[in-house]
Amino acid sequence: MLKVYCYNRCTTCKKALKWLDENGIEHEVIDIKEDHPDEQSLREFYATSGLPLKRFFNTSGKIYREMGLSKKLKDMSEDEQLGLLATDGMLVKRPLVVGDGFVLVGFKEAEWQETLK
């Protein structure tokens, strides 16, 4: 079953969950703020996704902006970035969908349609 890391006040997450329900796709919702992925899980998600690590950061989030990460990430190693992501679920781009052999970051309906149907 899909694991969907979401934040209940996020409108994008709400749209994504509605899309999953409308398309009859079973999923388990995990509150990314309360039960965020640990560093090892993030390493696995990153490796499986094939995406640049920067895509895993919630670049529009308050914490990201307050920490000035747009300027700092380029000077950080992958290990440092993964460790930072693991400290707070609000730093992680959401929704984060983990399935058997794939990971989706953010909600792009066309990408979800192609991967999940």
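Coordinates for the structure precede this section.
Here goes a summary of the coordinates provided. Since this is a predicted model, take the numbers as computed values, not measurements.

1. A closer look at the environment of L42
And then number 1: For L42, the location among the structural elements is in helix α2 (residues 39-49).
And then number 2: L42 sits in the buried class, given a relative accessible area of 0%.
And then number 3: Sequence-wise, L42 and C10 are 32 residues apart; in three dimensions their C-alpha atoms are separated by 21 Å.

2. Concerning the pattern of salt bridges
And then number 1: Under the definition given, this model contains four salt bridges.
And then number 2: Salt-bridge contacts for E39 lead to R43; the nearest nitrogen and oxygen are separated by 2.8 Å. In this pair, E39 and R43 are both assigned in helix α2, four residues apart and thus about one turn of the helix distant.
And then number 3: The partner of E66 in a salt bridge is K62, with the nearest N and O atoms 4.0 Å apart. With E66 and K62 both in helix α3 (residues 62-66) and four residues apart, the pair spans about one turn of that helix.

Calculation rules
- Residues numbered from 1 in each chain as written.
- Predicted model: local features only at pLDDT ≥ 70, side-chain atom pairs only at ≥ 80, totals over all residues.
- Heavy atoms only, no water.
- Helix = DSSP H or I, 4+ residues; strand = E, 2+ residues; numbered from the N terminus.
- Buried < 20%, exposed > 50% of the residue type's maximum accessible area, 1.4 Å probe, protein only.
- Salt bridge = Lys/Arg side-chain N within 4 Å of Asp/Glu carboxyl O.

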